[in-house]
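# Breakdown of the fold
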Amino acid sequence: MEYRHVPVMLDEVIEYLKPSEGEYFIDCTLGGAGYTKSIAKLLGKEGRILSFDLDPWAIENAKRILKEEKLENVIIENINFKNIYETAEKNFKKNNKKEFDKGIFSGIVFDLGLSNAQLEDTKRGFSFKEDTPLDMAFEGDNGRTLDLINNYSREELETYLREYGEEKFYKRIVGGIFDARKTGSIETTKQLVDIIEAAVPAFYKRQKIHFATKTFQALRIATNEELESLKIALPDSLRLLKKGGRIAVISYHSLEDRIVKKIFKSESIDCHCPSSFPVCQCGHKASIKIINKKILLPTEEEVARNPKSRSAKMRVAEKI
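So, here's what we can say about the structure. (Residues numbered from 1 in each chain as written. Predicted model: local features only at pLDDT ≥ 70, side-chain atom pairs only at ≥ 80, totals over all residues. Heavy atoms only, no water.)

## Overview of the nonpolar core
Test applied: By nonpolar core we mean a set of buried residues, namely Ala, Val, Leu, Ile, Met, Phe, Trp, Tyr and Cys, connected to one another through side-chain atoms within 4.5 Å. Each residue gets one of three labels from its accessible area relative to the maximum for its type: buried under 20%, exposed over 50%, partly exposed in between, using a 1.4 Å probe on protein chains only. Note on conventions: DSSP H or I runs of at least 4 residues are helices, E runs of at least 2 residues are strands, and numbering of each starts at the N terminus. Here, residues are in contact when the closest pair of their heavy atoms is within 4.5 Å.
I26, I108, F110, L234, L240 and I247 are the most contacted members of the largest nonpolar core, which totals 65 residues. The dominant element in this core, judged by the number of residues it contributes, is helix α13 (residues 226-240), at six residues. Ignoring anything within four residues of it in the chain, the contact list for L240 reads I26, I84, Y85, A88, F100, G103, I104, F105 and I108. In terms of nonpolar packing, the next biggest core, distinct from the first, is built from 23 residues, L10, L17, I250 and M314 among them.

Okay, here's the thing in structure tokens:
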């Protein structure tokens, strides 16, 4: 099955990153190849875009699409974006030895959302709409989600649901998980949904957002160590940008956006010393300037056309 991703805020990404012929770009979240395809067409034969994804299915799907489009200026890697620096170094430093360490990329894009293909894959456990195995690892079943649910301590699970899911009924849900463990292992999404449904109050089940959404989000983030990977990838991305190069990050919940905002703010100021210090002692110098002071949001037209975009927030920064 081929999946063609509808890129969220594609027009804004192109407008702010301004891809031009002969430039080098990176798409850190290849997915359905939406951004990669559009950017690659603007880079021409001499330009290159390095695109990667942890999901093997997304890689194969993207290769089919790019082959059909006859785009030969795309380099695809099946890796976690936390490995962005070494992957870029492997593919570009040999032919750009003198320039690489100063930065050679004109643009980098991150879209941190799940694709519809992942949500709809009945062999995976990202969605609670079907009864599927509890497998939320992007690279395919590695047993980590099952390990989290069935073996982690009460305190660890409560921390994940509270911090990663921002789930206010985290204690009740984890209590339900521990009760269920007494009768056997929790293996499927339906088992987990039933546990959550029994644990939360009636009014919570009548809300617009499904009562299992935040728990599933928390377990997916924990399984893939998404926030830890983002904290590694963003600073390394800034190192790879050339002067005047831009980075655009599209996030979908406050945890991701908070990390992006914090790192962008930290790297856009000259000194990190406490205000009580009369003279700077850290020696830190700003490496970027923030392009959009206010978060960029999708247009009403896009949200109507693609409901997945409704929670998207985009931040853009430029290397100085």
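## Comments concerning the sheet that holds strand β6 (residues 288-290)
Heads up, the rule is: Strands were regarded as paired on the criterion that DSSP finds at least two bridges between them. Lines fitted to the C-alpha atoms define the axes, with helices restricted to the stretch that makes contact. Angles between their N-to-C directions range from 0 to 180 degrees.
Here we have seven strands laid out as an open sheet, ordered β3-β2-β1-β4-β5-β7-β6, and mixed in their pairing. This sheet does not close on itself; its edge strands, each paired only once, are β3 (74-77) and β6. Pairs of neighbouring strands in the sheet enclose a mean axial angle of 15 degrees, with direction left out of account. Of the strand pairs in this sheet, strand β1 (residues 24-27) and strand β4 (residues 105-111) are connected by three bridges, and their pairing is parallel. Residue pairing in the sheet places D27 in a bridge with V109 of β4. Relative to the sheet, helix α1 (residues 10-17) contacts β1, β4, β5 (241-251) and β7 (313-319), its axis offset from that of β5 by approximately 165 degrees. Contacts between α13 and the sheet are confined to β1, β4, β5, β6 and β7, with β5 contributing the most and set at about 150 degrees to the helix.

## Focus on the environment of L54
Summarising the element assignment, L54 is placed in the loop between β2 (48-52) and α3 (56-68). Expressed as a C-alpha distance, the spacing of L54 and F81, which sit 27 residues apart in the sequence, is 7.8 Å. Other than its neighbours up to four places away in sequence, L54 contacts N78, I79, N80, F138 and E139.

## Focus on the packing of aromatic side chains
Our working rule: Each Phe, Tyr or Trp ring (for Trp, its six-membered ring) is paired with any other whose centre lies within 6.5 Å, and the angle between the two planes then decides the class: stacked below 30 degrees, edge-to-face above 60, tilted in between.
Scanning the entire structure with this criterion turns up ten aromatic pairs. Their ring planes at 70 degrees and their centres at 6.1 Å tell us that F169 and F203 sit as a pair that is edge-to-face. With a gap of 34 residues between them, F169 in the loop between α8 (154-163) and α9 (170-181) and F203 in helix α11 (residues 202-205) connect regions that are remote in the sequence. By relative accessible area, which is 40% here, F203 ends up partly exposed.

## What to know about the pattern of salt bridges
For clarity, the threshold we go by: A pair is scored as a salt bridge if a Lys or Arg side-chain nitrogen falls within 4 Å of a carboxyl oxygen belonging to Asp or Glu.
Across all of its chains, the model carries 16 salt bridges by this definition. Of the charged contacts, one joins R239 and D236 as a salt bridge, the two residues approaching to 3.2 Å between their closest N and O atoms. Of this pair, R239 and D236 both sit in helix α13, separated by three residues, roughly a single helical turn. For D236, a relative accessible area of 14% corresponds to the buried category. The salt bridge partner of K289 is E318, with a shortest N-O separation of 3.8 Å. Residue K289 is located in strand β6, and its partner E318 is located in strand β7; the two are separated by 29 residues in the primary sequence. Looking at K289, the relative accessible area reads 42%, which means it is partly exposed. Among the residues examined, E318 registers a relative accessible area of 14% and is labelled buried. Connected through salt bridges with shared partners, the residues K37, K41 and E69 form a single ionic network.

## Considerations on helix α7 (residues 144-151)
All of the buried residues along α7 are R144, T145, L148, I149 and N150. Buried residues belonging to α7 abut α8, α9, α10 (189-199) and α12 (213-224).

## Here we look at helix α2 (residues 34-43)
Listed in full, the buried residues belonging to α2 are G34, Y35, T36, I39, A40 and L43. Positioned one or two residues after α2, G44 has a phi angle of 70 degrees, which is positive.

## A few points about unusual backbone geometry
Backbone geometry at A33 places phi at a positive 70 degrees, although glycine is not the residue there. Within the secondary structure, A33 is located in the loop between β1 and α2. Since its relative accessible area comes to 1%, A33 is described here as buried.

## Quick notes on the state of the cysteines
Just so we agree on the cut-off: Criterion for a disulfide: a pair of cysteine sulfur atoms at a distance within 2.5 Å.
Counted according to the given criterion, the structure contains zero disulfides. Just so you know, C273 is unpaired, no disulfide at all, and the nearest cysteine sulfur is the one on C271, 3.6 Å from it. Assessed through its relative accessible area of 18%, C273 is described here as buried. Cysteine C282 remains unbridged, with the sulfur of C280 as its closest cysteine sulfur at 3.7 Å. Judged by relative accessible area, C282 falls into the partly exposed class, the value being 39%.

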